[in-house]
Amino acid sequence: MKRKQFYIVVMSLFFLCVLSGCWDNKDIEELTLVLGMGFDSSDQQKIKLIYQIPTIISSTESGSGQSIYQNYISEGEAVHEIIRDGATKLPNPIYTHHLKVIIIDQELAENYKLSFILDQIFRDNVSRLSPKIFLTDKKAEEILNVSDDSEIPSVYIDSISDNEQSTMKLISSMSLIDLSADLMSSQSFLMPNVTIGENNSLQLKGAGVINGKEQKLIGSLNEQDLQGINWIKGEKQGGTIKIHHKSGQVAIYEVKHLSSKIAPTLHKDTVTFDVKITADGWISEDWEFPGDAFDEKYIEEFEDLVEEEVLKYAEETTDKLQHELKTDVIGLGNQFRMKYPKKWEKIKKDWNAYFATSTINYDVEINVTNMGSAGSKK
Amino acid sequence: MDSVLAFILRQEVYFGTFMLIAIPVTLNISFKKLIELRKQANNSRSPLTKKKAKTQDVSSLLEPNIAFIKSRLGINTDIVFRNFNLAILNRKCTLVYIDGFVNKLAMRQFVVEPLMSKPCNHDQQMIKTSDVIAYLIDNVIPIIDMNTATSLDDSIYNILSGCPVLFVDGEAKCIIFKLKKEETRSIDEPVTEALVRGPRMGFLENLRDNTALLRSLSGDPNLTIVEQEVGERTKRKLAIVYISDIVNPDLLGEVKERIATIQLDNVPESGYIEQIIEDDYLSLFPQIQSTERPDRVMGGILEGRVAILLDGTPFALIVPVTFSMMLQTPEDYYERWISMSLIRLLRYAAIFITVFLPSFYIALVSFHQGLIPTDLALAIANSRVGVPFPSFIEALIMEAAIEMLREAGLRLPKPIGQTVGLVGAIIIGEAAVQAGLVSPIMIIVVAVTAISSFVTPQYGLGIGLRVLRILAMFCSATLGLYGITLFFLMLLIHGSKLKSFGVPYITPGTIYSKDDLKDFVFRFPLFTMNTRPKEFYPKNNKRKPK
């Protein structure tokens, strides 16, 4: 009798342990994986939310001509309200662990603070902070609807942004965690812009400027400006620049190593920045004839041409930032903070005004280390 | 103060606290109880007083002797009593043997013929003065292996173990000829431990052959083979083999002591001995190594371990053993060290896969979908659409199917066994997926697991790991990766508590000696391995004489 009781106690303890498990057990096909999210401004209500969901097709009956993704669209005043609204439309709960991209309509970003729009995602303890955020000058709904039978638009955008190291026309993409950090520290920043190019295909083009204080979109930069930004920041380790010889022939310089050094100086209340841009690279294409790369003089001339071109980009960009947009998105403020921390505490609230009036001097040094496998044309 | 009180009085708080204490305490008590039960079982076994059987001496008359033997064995038809006259003395004598169990040719040629042939040059005087039995042994019977007995029980025991016994009228002694017919097969390569490179010989069923095999591998005078009998009724021969100037005396004493506790009627296989002398009967890990290879036994005893051989089985036991040894093969040392180190590493990976792959799959698919790369997640989701079972049940079904196939292939005769494998592969690979019972990815998981479970060189370990796999699957189905972590911790705790004849089971994974690590996950070059493993505390630690 005693032994029986003993076993009952042991068994019930065992089951107690076991039964407390399984509470979040849900097989993978019973979840609605969301790969992309879009925020659009809406006419009737505040926000229109789009989720991009890959279609789950049984592998034995594939090739039925179904689209490989579906977009669910819902409108409402608050994001979580809209998400829960999905419960009435979707068979399975929404699962955002695999979220790749978030796309925000420029109109929405102009009207509402970014920290409000993304508040639900920041608060949610399930969502990750790795998805990349893009602005769009079209509607997010259109972007997520660009139909290509082989690739889901969200995944496509995600993979385009991986090319950021091979061109000067892209800025590094913004993940949710970067965005959160910049919003917290009221720093102004750039957000890459996704648009629909020719042939109805997706393209990353330009960027939106977000003012750190207002947390709203205040303007945008085109591809030329982005090249300037990239040269000044000196973070890229790749990319090309096009120059024209005096003869009018075109040549391409490919950057292999790029660095820039920003040195601020404070004189009374005027700030001066000395920016030194150094680049090592190759001649990757040259239409000049004879164009003898074994000739040192020729190389020097080539370097001068590139330097001029870079200077042009850099100065045009800073001109736009200082006088048109009056916003520091290069991170000059950060350099200033490091050098003059006490002064920074006083002026950081109006930093953008200081930035707009500051003087920025550029010193560009371009080295051609290699002319490729062929030196001259005969 | 009020808030503290309110906090303590909340139901989940006091209930949780109670459970936090109740669960470990109850588990502790229950395990103590189990240990006690085990101890009781052991105690009842050990001090068994041997009943002294009535002994009867050989009488000097022939008739009572034969009558006694007949009264004990008489109803058996295979026992032959051959009466004849001694030619030299013209006395009656009887040869008793078991038909079919003795070497008849040798018996005729070397026993019966010399005894029945006419005396030609026998010194009659000498026969009269000396003991007849001694005279026969010394002068007449040309057999090497023979002795005498004065007890009838001894003689009966010898008859039953295949030795013909000669009773001579007028002598209170009998002669025992060791002319047992040796039923043996030729030396083959062991089926369970095949090697690409290495000696193609395995143990046989006959103990004498096996000890001879060991002798032939070593000319060391310190190689010691001590024999004794086990089995109350069947009396099998058991040999303890060690090298006397290497083995630790404490270990040897422990082995002898444990073997002395064996109280069984019948010991048909060394597995019986293994199960009785092992340390923890509840563990899933084999704590004694069993092998068919003489070179492996030789390697073991040269490390300072003790081997146990049993008559009637080709499987020898080696004690103590550690987990890492279960993953070694003699080939690791016969082939070159870099490649064999890699293969050894592969074996460690394989046992990890064997135990944990299905449980990881279950955990990832049903708890932590975010940890799977997106493309794979979509592929898994696509393949699982329409499967009616949760992944755990699906995995259980497939595991059961694979194990059944394995078992069926093992038991069936070889030609049919292959068919089973083929049919199984077709049914499971194709039909189950087509019917939507299981997902194709699950098939891959189960197949990889099955293949890696066959990598373990020790068959017994492989079975244990399969059981662990099922337990790991349960843990992961209830608590996900957290459950697997808990299970792995439990496994580690068990492994570090487990001992095999005083040696911790997971040495040299624990720190003992850095020299032992040379032969752990990697096998270092032979010239660096100058010492014997310290984990066994051998008397003589140096492998090289200088």
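These figures come from a predicted structure and were not determined experimentally.

Can you help me understand the overall build of chain A in this one?
What chain A contains, in helices and strands, is 13 helices and 15 strands. Its C-alpha radius of gyration of 27 Å places chain A more than 25% over the 21 Å reference for a compact globule of 378 residues. Each of the 378 residues in chain A was classed as buried or not, and the buried ones make up 34%. Restricting the contact set of chain A to residue pairs at least 6 apart, pairs at least 24 apart contribute 70%.

What's the story with the domain arrangement of chain A in this structure? I'm lost.
Many structure descriptions define interface size as the accessible area lost when the parts assemble. All names here are of chain A. Domain boundaries in chain A define domain 1 (30-57 + 64-221) and domain 2 (222-378). Between the C-alpha centres of domain 1 and domain 2 the distance comes to 31 Å. If you look at the interface, domain 1 gives 17 residues, while domain 2 gives 17 residues. For the side of domain 1 that touches domain 2, the secondary structure elements donating two or more residues are strand E9 (189-196), strand E10 (202-211) and strand E11 (216-221). Element by element, the count of residues in the side of domain 1 that touches domain 2 is highest for E10, at five residues. Residue composition of the side of domain 1 that touches domain 2, grouped by class: eight nonpolar, seven polar and two charged.

Mind showing me how you'd approach the sheet that holds strand E13 (residues 250-267) of chain A here?
In a beta sheet, neighbouring strands pair by backbone hydrogen bonds and run either parallel or antiparallel. Residue and element names in this part refer to chain A. Pairing in this open sheet of four strands is mixed, and the strands run E12-E13-E14-E15 from one edge to the other. Here the strands that pair on one side only, and so sit at the sheet edges, are strand E12 (240-244) and strand E15 (359-370). Averaged over all adjacent pairs, the angle separating strand axes in this sheet is 35°, with direction ignored. In the sheet, strand E14 (residues 270-286) pairs with E15 via eleven bridges, with the strands oriented parallel. Residue pairing across strands places Phe273 opposite Ile360, the latter belonging to E15. Of the strands in this sheet, E13 and E14 are in contact with helix H11 (residues 332-339), which crosses E13 at around 40°.

When you look at the UniProt feature "transmembrane region" (unreviewed entry) in chain B in this model, what are you seeing that I'm missing?
Residue and element names in this part refer to chain B. According to UniProt, the "transmembrane region" (unreviewed entry) feature falls on residues 13-31, 345-364, 419-450 and 470-493. Within the segment residues 13-31, helix and strand shares are 100% and 0% respectively, and the terminal C-alpha atoms sit 28 Å apart. Structurally, residues 345-364 is divided into 100% helix and 0% strand, and its ends, taken at the C-alpha atoms, are 25 Å apart.

How should the interface of chain B and chain A be read in this particular structure?
With 25 residues of chain B at the interface, the matching set in chain A holds 23 residues. Among the secondary structure elements, those contributing two or more residues to the side of chain B that touches chain A are helix H2 (11-45), helix H14 (337-366), helix H15 (374-384) and helix H19 (459-497) of chain B. Here the side of chain B that touches chain A takes eight residues from H15 of chain B, the largest share from any one element.

Got a minute to help me understand the nonpolar core in this structure?
Across soluble globular proteins, nonpolar side chains have a tendency to be buried as a group. Counting 159 residues, the largest nonpolar core has Ile104 of chain A together with Ala307 of chain B as its most contacted members. Looking at which element gives the most residues to this core, the answer is H14 of chain B, with eleven residues. Counting 26 residues, the second largest nonpolar core, distinct from the first, contains Cys93, Val111, Val140 and Leu152 of chain B.

Help me understand the pairing of E10 of chain A in this model?
One face of the sheet, then the other: side chains in a regular strand alternate in exactly this way. All names here are of chain A. Among the ten residues of E10, seven are classified as buried, and the element is accordingly described as predominantly covered. Here E9 runs beside E10; their pairing, made up of seven bridges, is antiparallel. Counterpart to Val194 in the pairing with E10 is Leu204. Here E9 folds back onto E10, and the loop between the two strands holds five residues, one of which, Asn199, carries a positive phi near 60°. As paired strands, E10 and E11 are joined by five bridges and run antiparallel to one another. Each residue of the ladder has a partner; that of Asn211, found in E11, is Lys216. Linking E10 back to E11 in an antiparallel pair, the connection comprises four residues, with Gln215 at a positive phi of about 60°.

Looking at this structure, I do not really get the packing of helix H16 (residues 391-411) of chain B against helix H17 (residues 414-434) of chain B. What am I missing?
Relative orientation and spacing of two packed helices are given, respectively, by the angle between their axes and the distance between those axes. Residues and elements named next belong to chain B. At a minimum axis separation of 8 Å, H16 and H17 run at an interaxial angle of 165°. On the basis of their axis angle, the class for H16 and H17 is roughly antiparallel. In this structure, H16 crosses over H17, and the sense of that crossing is right-handed. For the pair H16 and H17, the contacting residues are Ala401, Leu405, Ala408 and Gly409 in the first and Gly417, Val420, Gly421, Gly424 and Ile428 in the second. Across the contact of H16 with H17, the residue classes break down as five nonpolar, four polar and no charged.

Before we go on, may I ask you to explain the sheet that holds strand E10 (residues 316-319) of chain B in this structure?
Residue and element names in this part refer to chain B. Pairing within the open sheet is antiparallel, and its five strands lie in the order E6-E7-E9-E10-E8. Because the sheet does not close on itself, it has two edges, and the strands there are strand E6 (223-230) and strand E8 (289-291). Across the sheet, the mean angle from the axis of one strand to that of its neighbour is 25°, orientation sign disregarded. Relative to E10, E8 runs antiparallel, the two being bridged by three bridges. Note that in E10 the partner of Ser290 across the bridge is Leu317. Strand contacts of helix H9 (residues 249-260): strand E7 (236-243), strand E9 (306-310) and E10, with the helix running at about 170° to E7, the strand carrying the most contacts.

Is there a simple way to think about H19 of chain B in this case?
Because each turn of an α-helix spans 3.6 residues, side chains separated by three or four positions end up pointing in the same direction. The first and last C-alpha atoms of H19 of chain B sit only 23 Å apart over 39 residues, clearly below the 57 Å expected at 1.5 Å per residue. Within H19 of chain B, the axis deviates most sharply at Leu479 of chain B, by approximately 140°.

Before we go on, may I ask you to explain helix H10 (residues 270-277) of chain B in this structure?
Residue and element names in this part refer to chain B. Among the residues of H10, Ser270, Ile273, Glu274 and Ile277 are the ones counted as buried. Buried positions in H10, seen along its axis, are confined to an arc of 100° and lie on one side of it. Among the structural elements, H9, E8, E9 and E10 are those in contact with the buried residues of H10.

Sorry if this is basic, but what is going on with the confidence of the model for chain A here?
Close inspection of predicted coordinates is inappropriate in any region flagged by low pLDDT. Here chain A shows a mean pLDDT of 85. Residues at 70 or above account for 96%. Helix H1 (residues 2-19) of chain A is the least confidently modelled element of chain A, averaging 78 in pLDDT, while strand E7 (residues 132-136) of chain A averages 93, the highest of any element.

Please explain unusual backbone geometry as it appears in this structure.
Peptide bonds are mostly trans, and most non-glycine residues show a negative phi. Residue and element names in this part refer to chain B. Looking along the chain, the bond that leaves Val319 and enters Pro320 is cis, with omega of -15°. Assignment of secondary structure puts Pro320 in the loop between E10 and helix H12 (323-326). Of the consecutive residues Thr507 and Pro508, the connecting peptide bond is found in the cis state with omega at -5°. Looking at where Pro508 falls in the secondary structure, it is placed in the segment after strand E12 (503-504). Positive phi values are uncommon outside glycine, yet Lys235 reaches one of about 50°. Mapping Lys235 onto the fold places it in the loop between E6 and E7. Residues other than glycine seldom take positive phi values, yet Phe501 does so here, at roughly 50°. By the secondary structure assignment, Phe501 is in the loop between strand E11 (499-500) and E12. Since 21 C-beta atoms lie within 10 Å of it, Phe501 is described here as buried.

Mind showing me how you'd approach the packing of H16 of chain B against H19 of chain B here?
All names here are of chain B. At a minimum axis separation of 10 Å, H16 and H19 run at an interaxial angle of 170°. On the basis of the axis angle, H16 is roughly antiparallel to H19. For the pair H16 and H19, the contacting residues are Phe392, Ala395, Leu396, Glu399 and Glu403 in the first and Arg466, Ile470, Met473 and Ala477 in the second. Taken together, the residues of the contact of H16 with H19 break down into six nonpolar, no polar and three charged.

Quick notes on the rules
- Residues numbered from 1 in each chain as written.
- Chains lettered and ligands numbered in written order.
- Predicted model: local features only at pLDDT ≥ 70, side-chain atom pairs only at ≥ 80, totals over all residues.
- Helix = DSSP H or I, 4+ residues; strand = E, 2+ residues; numbered from the N terminus.
- Rg over C-alpha atoms; globule rule 2.2 N^0.38 Å.
- Buried ≥ 20, exposed ≤ 12 C-beta atoms within 10 Å, placed from the backbone.
- Contact = placed C-beta atoms within 7 Å.
- Domains from an automatic or database assignment.
- Nonpolar A, V, L, I, M, F, W, Y, C, P; charged D, E, K, R; others polar.
- Pairing = 2+ DSSP bridges.
- Axes fitted to C-alpha atoms, helices over the stretch in contact; angles between N-to-C directions.
- UniProt positions renumbered as here; feature names shortened; annotations may be inferred.
- Core = buried A, V, L, I, M, F, W, Y, C linked by C-beta atoms within 7 Å.
- Parallel < 35°, antiparallel > 145°, perpendicular 65-115°, else oblique.
- Left-handed = near helix turned anticlockwise from the far one by under 90°.
- Expected span 1.5 Å × (residues − 1).
- Bend = angle between axes of the 7 residues up to and from the residue.
- Arc of directions from axis to C-beta.
- pLDDT = per-residue confidence, 0-100.

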